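Geometric and topological summary
Listed here are the chains, written in short residue letters.
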Amino acid sequence: MISALVVWWYGLGWRLQLQAVSRRWLRWVDYFSFSILIRTLFAPFRQIGNEAHGGSLAVQFRQWSDRTFSRVVGFFVRVVTLVFGTGCMVLIGLLSLLQLTLWIVVPLLPVIGGVVSIVGWVPWQR
């Protein structure tokens, strides 16, 4: 029975953990939409009511300045989102690595505890 548990833990259980980590990673990549943010980095940001073109020179200049200001705002919003998303992805990657490492180590903890108790090592009593 213990051998079946070990076979499951390091076989199917390990694959299930990898799939869970992979799904989590892909969900967060989709959440931040890095490819869309990079593709639209210089696109106008939430510009409303500035689709009309033409008119006098003053109107055209105002439309151009509105679009330029909207692009600058959009650039900074997207850059901040990219930086925050990258930080989140690094954190998620580290937590996933910790999860996978703990998955490997957890079955060995009773053995390590047994050896430590036999040796008599107590970390807080030196």
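The coordinates are above.
The present account deals with the structure reproduced in this document. The structure displayed is predicted, hence computed values, not measured ones.

Criteria and cut-off values
Residues numbered from 1 in each chain as written. Predicted model: local features only at pLDDT ≥ 70, side-chain atom pairs only at ≥ 80, totals over all residues. Heavy atoms only, no water. Helix = DSSP H or I, 4+ residues; strand = E, 2+ residues; numbered from the N terminus. Rg over C-alpha atoms; globule rule 2.2 N^0.38 Å. Buried < 20%, exposed > 50% of the residue type's maximum accessible area, 1.4 Å probe, protein only. Contact = heavy atoms within 4.5 Å. Areas by Shrake-Rupley, 256 points an atom, 1.4 Å probe, with all protein chains shown as cover. Phe/Tyr/Trp six-rings, centres within 6.5 Å; stacked < 30°, edge-to-face > 60°. Axes fitted to C-alpha atoms, helices over the stretch in contact; angles between N-to-C directions. Parallel < 35°, antiparallel > 145°, perpendicular 65-115°, else oblique. Nonpolar A, V, L, I, M, F, W, Y, C, P; charged D, E, K, R; others polar. Core = buried A, V, L, I, M, F, W, Y, C linked by side-chain atoms within 4.5 Å.

**Describing the overall build of the protein chain**
When helices and strands are counted, the protein chain shows five helices and zero strands. Order of helices (α) and strands (β) in the protein chain, N terminus to C terminus: α-α-α-α-α. Since a compact globule built from 126 residues should have a radius of gyration of about 14 Å, the 27 Å found for the protein chain marks it as more spread out than a globular shape. Principal-axis analysis of the C-alpha atoms places the extent of the protein chain at approximately 90 × 40 × 15 Å. Residues classed as buried in the protein chain amount to 17% of the 126 residues present. Once local pairs closer than 6 in sequence are excluded, the contacts in the protein chain between residues at least 24 apart make up 82%. For the protein chain, the exposed surface amounts to about 9800 Å²; the carbon and sulfur share of it is 74%.

**Focus on the side chain of Ser-96**
Mapped onto the elements of the fold, Ser-96 is located in helix H4 (residues 57-105). A relative accessible area of 5% means that Ser-96 is categorised as buried. With residues near it in sequence (within four places) discarded, Ser-96 still touches Val-21 and Arg-24.

**Here we look at the packing of aromatic side chains**
Evaluation of the coordinates by the stated rule reveals 11 aromatic pairs. Ring geometry for Trp-28 and Tyr-31: centres 5.4 Å apart, planes at 70 degrees, overall edge-to-face. Residue Trp-28 and its partner Tyr-31 are located together in helix H2 (residues 12-32), separated by three residues, close to a single helical turn. Take Tyr-31: its relative accessible area is 62%, and that puts it in the exposed class. Among the aromatic residues, ring-to-ring pairing joins Trp-28, Tyr-31, Phe-32, Phe-34 and Phe-84 into one connected group.

**A word on the packing of helix H1 (residues 2-10) against H2**
When two helices pack together, their arrangement is given by the angle between the helix axes and the distance between those axes. Where H1 meets H2, the closest approach of the two axes is 2 Å, and the angle between their N-to-C directions is 25 degrees. Here H1 lies roughly parallel to H2, going by the angle between them. Residue-level contacts link Val-7, Trp-8, Trp-9 and Tyr-10 of H1 to Leu-12, Gly-13, Trp-14 and Leu-16 of H2. By residue class, the composition of the contact of H1 with H2 is seven nonpolar, one polar and no charged.

**Describing the nonpolar core**
Judged by nonpolar contacts, Phe-32, Phe-34, Leu-37, Leu-41, Leu-82, Cys-88, Met-89 and Ile-92 together constitute the single largest core of eight residues. Where this core is concerned, the elements lending two or more residues are helix H3 (34-39) and H4. Element by element, the count of residues in this core is highest for H4, at four residues. Ignoring any residue separated from it by four or fewer positions in sequence, one finds Met-89 in contact with Trp-25, Trp-28, Val-29 and Phe-34.

**A closer look at unusual backbone geometry**
Positive phi, normally seen in glycine, also occurs at Ser-33, with a value near 50 degrees. Mapped onto the elements of the fold, Ser-33 is located in the loop between H2 and H3.

In short, geometric facts, not functional conclusions.
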